[in-house]
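What the coordinates show
Single-letter residue listing:
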2 protein chains.
Amino acid sequence: MKLIIVILFACLAGANCMNNGVARTPPMGWLAWERFRCITDCHSFPESCISEKLFMDMADRLDKDGWKDVGYMYVNIDDCWMAKERDATGRLYGDPERFPNGIKALADYVHGKGLKLGIYEDYGKLTCGGYPGSQGHEETDANTFAEWGIDMLKFDGCYSNDSSKAVGYPLMSEALNKTGRPMVYSCSWPAYEGGLPPKVNYTELGEICNLWRNYGDIQDSWDDIVNIIEWWATNQNVLVPAAGPGKWNDPDMLIVGDYSLSVDQSMAQFGMWAILAAPLFMSNDLRDIKPEFVQILQNKEVIAVSQDPMGIQGKRWLNKDKIQTWSRPLQNGQYAVAVLSTRTDGTPYNHSFSLSQLGIPSGAYDLLDLFPKKSMGKFLSKDQISVMVNPNGIVMMRATPVKFAVPLFD
Amino acid sequence: MKLIIVILFACLAGANCMNNGVARTPPMGWLAWERFRCITDCHSFPESCISEKLFMDMADRLDKDGWKDVGYMYVNIDDCWMAKERDATGRLYGDPERFPNGIKALADYVHGKGLKLGIYEDYGKLTCGGYPGSQGHEETDANTFAEWGIDMLKFDGCYSNDSSKAVGYPLMSEALNKTGRPMVYSCSWPAYEGGLPPKVNYTELGEICNLWRNYGDIQDSWDDIVNIIEWWATNQNVLVPAAGPGKWNDPDMLIVGDYSLSVDQSMAQFGMWAILAAPLFMSNDLRDIKPEFVQILQNKEVIAVSQDPMGIQGKRWLNKDKIQTWSRPLQNGQYAVAVLSTRTDGTPYNHSFSLSQLGIPSGAYDLLDLFPKKSMGKFLSKDQISVMVNPNGIVMMRATPVKFAVPLFD
């Protein structure tokens, strides 16, 4: 309660500040796009078309298969959910064939499972898929979403230009705030502007959005993950200060459990998204995901890194021989550390580093290897730590200061 | 017996023809390189260093885990097996620390399991890893290998130039033939010459080698597989006529079960290697390979395509929207068909084609889907066949002529 008051107070200082109090840690859930796209032919594809059934199925799985218990709370609709025209009163509504009970009923269903419902719109004449956009309807749409009980809005940027976006994204932020219903506000805006200053103003984004897509859409491809991570590292001096509780850089969805990633690559994406303090939205089919991927995505140690209350995004400190080493500061003087390999030369690689090379203060630390959940022992920050990292793989650790050990050993 | 006589007779016509009678279908087995490279530190890496233990372990697994039963017969050593110098009599011998019992004992062990042993040398001053090369020692080395009971030789091309290779590869072929022991002869030669005429003479290769590497070394990477397949398709008019019983184009090892391939990508590599009539040498760790990859690599229907006695290499016929469709003629008027997707857009893709678009004669065919081993029903060659192919995935079929149906339906 105290925390909320502090947040509201802090936000009152800025005119357009997101005062919704949500997404204090990176939001977690499920999002339809990467896996299910804009499939609208429910006759041919009844299990995978964008329909209320799909989202009810995913809500069922989030509820029953342990996802909710580890933090995956949002069931998020993406594009292609709407009727092709607004109704007579100018309001949006779900495609009547595919959402016969309407979005409010779906929200009730999802809330009944103890989960939250996200939705998609676009600031433009049309959405990317050609459905009605929000331009000129910001307040109506925000109110509609609030009345339905929507908990998050992904706001895309097709069919609008740079200058209209600069008006529309703040306008929708204000409209959402005015409804009085806290809705996480995800802005695709910076991705359309190249993701970097001076075209992108991260101070403003942090005041009006809870998260934002900085870079291109992820596809079902390891290459994309490597490219995204490289872009994040290259621009970390811009991106790291932009992130924090309530405001997150979004490298896009988790594709773990889909068609392209091996188990090692899956651990690598999941671990790196945790280091990057990224929103964790899976886009996969929770009805038939294989157990080895469930195990990765439900790893509580890695999720704890992602959800650290300090909300500080990690940085790359070392990058040599296709082995990159990252660290992320966590609460209580702890650090997450990731050694990521983009090597393809067949055999695990022996990488050595010290914590002091990763911006970690002098001292003694207990190291826990997070994927196998295995203690690695105690290390001084100057000690060499050797890990074997698989091709396209990750070794992910948490360093916890050993109390009172500092003056004795370092 | 008749077949062997025919082959020997056919070969006597050509002066340098491989008259070893082996590799009448693409050889199958296991090869150390991609997965285990040149790890020689057995103290630090006792399980993965290049040592007699590694090859004995793999022979055990090939024997006991069903591999031998479906055709994987070769256990192949790659680089870094030798002592750094020849012995006093000028002969090669295994590194005494890592192969304390010598290669002959290893061959005996492998033969005792009903398997065959392959070895590696290089036509140059040194092997790629810096061990003694065969240049000037061709007869000695061929005789040594024959005395040890070697069944296959991979002959690499580091530390030699174009003109010495043009002498060395035929010379070693002759030396191997002279021993009287049939040894499959794998030539890396064309890969060093760009793989294409006029620098590469495929007629000559077919006369002196049983298989040859045409292209770069495969790494643990889906991108490599896509690149290899693209190169094979682009140059199919050169490559297809070069292949046949006893002489094969080699797109390099299978990396299924390693660190980088998903299950769909694994089916894609395995299926395409069968279509390409490629040697099937796995380079993985058979001691801890996951069951889903074993199932792919031991798929008897796909192996039957690979091992078709006609030995005709497949061709790409359609290539659009990142969906490519291949066919390979098989015995008894049958055809293998593969639909390969390199798409990454999240969801299975609906691809339609007809058998007549794939160079398959008019008629009626029974179609069998080979990975799920499921009948798809009967189709006329002009009928549209619709398949759903996963991103980075394959649908692999066998078309069998329906007897007497041709005049009735087509």
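The next point concerns the pattern of salt bridges. Residues and elements named next belong to chain A. Enumeration over the complete set of coordinates arrives at 46 salt bridges over all chains. R37 is the salt-bridge partner of E34, the closest N and O atoms lying 2.9 Å from each other. Residue R37 is classed as buried on the basis of its relative accessible area, which comes to 13%. Shared partners join several salt bridges into a network, and the residues in it are E47, K53, D57, D285 and R287.

Here we take up the relation of the copies chain A and chain B. Screw-axis analysis of chain A against chain B gives a translation of 0.0 Å along the axis, an RMSD of 0.0 Å, and a rotation angle of 180 degrees. On this basis, the relationship between the two copies can be described by a two-fold rotation axis. Minimal C-alpha distance to the rotation axis in chain A is attained by S262(A), lying at 2.1 Å. By residue overlap, the copies meet face to face through one surface: 100% of the interface positions of chain A are interface positions in chain B.

A few words now on the interface of chain A and chain B. Each partner contributes to the interface: chain A provides 25 residues, whereas chain B provides 25 residues. Of the roughly 1900 Å² buried at the junction of chain A and chain B (both faces included), carbon and sulfur atoms supply 51%. For the interface between chain A and chain B, the tally reads zero salt bridges. Secondary-structure elements contributing two or more residues to the side of chain A that touches chain B are helix 2 (33-36) and helix 12 (263-275) of chain A. Of the residues assigned to the side of chain A that touches chain B, the class counts are seven nonpolar, ten polar and eight charged.

What follows deals with the sheet that holds strand 10 (residues 323-329) of chain B. The strands that make up a sheet pair up through hydrogen bonds in the backbone, lying either parallel or antiparallel. Residue and element names in this part refer to chain B. In spatial order, the strands read 9-10-11-16-13-14; together these six strands make up an open sheet with antiparallel pairing. Each having just a single partner strand, strand 9 (315-320) and strand 14 (374-380) make up the two edges of the open sheet. Each adjacent strand pair in this sheet contributes to an overall mean axis angle of 20 degrees, direction not counted. Here five bridges tie strand 13 (residues 364-369) to strand 16 (residues 394-401), and the two strands are oriented antiparallel to one another.

Each value, and the rule that gives it
- Residues numbered from 1 in each chain as written.
- Chains lettered and ligands numbered in written order.
- Predicted model: local features only at pLDDT ≥ 70, side-chain atom pairs only at ≥ 80, totals over all residues.
- Heavy atoms only, no water.
- Salt bridge = Lys/Arg side-chain N within 4 Å of Asp/Glu carboxyl O.
- Buried < 20%, exposed > 50% of the residue type's maximum accessible area, 1.4 Å probe, protein only.
- Least-squares fit on C-alpha atoms with pLDDT ≥ 70 in both.
- Contact = heavy atoms within 4.5 Å.
- Buried area = accessible area lost by both parts, 1.4 Å probe.
- Helix = DSSP H or I, 4+ residues; strand = E, 2+ residues; numbered from the N terminus.
- Nonpolar A, V, L, I, M, F, W, Y, C, P; charged D, E, K, R; others polar.
- Pairing = 2+ DSSP bridges.
- Axes fitted to C-alpha atoms, helices over the stretch in contact; angles between N-to-C directions.

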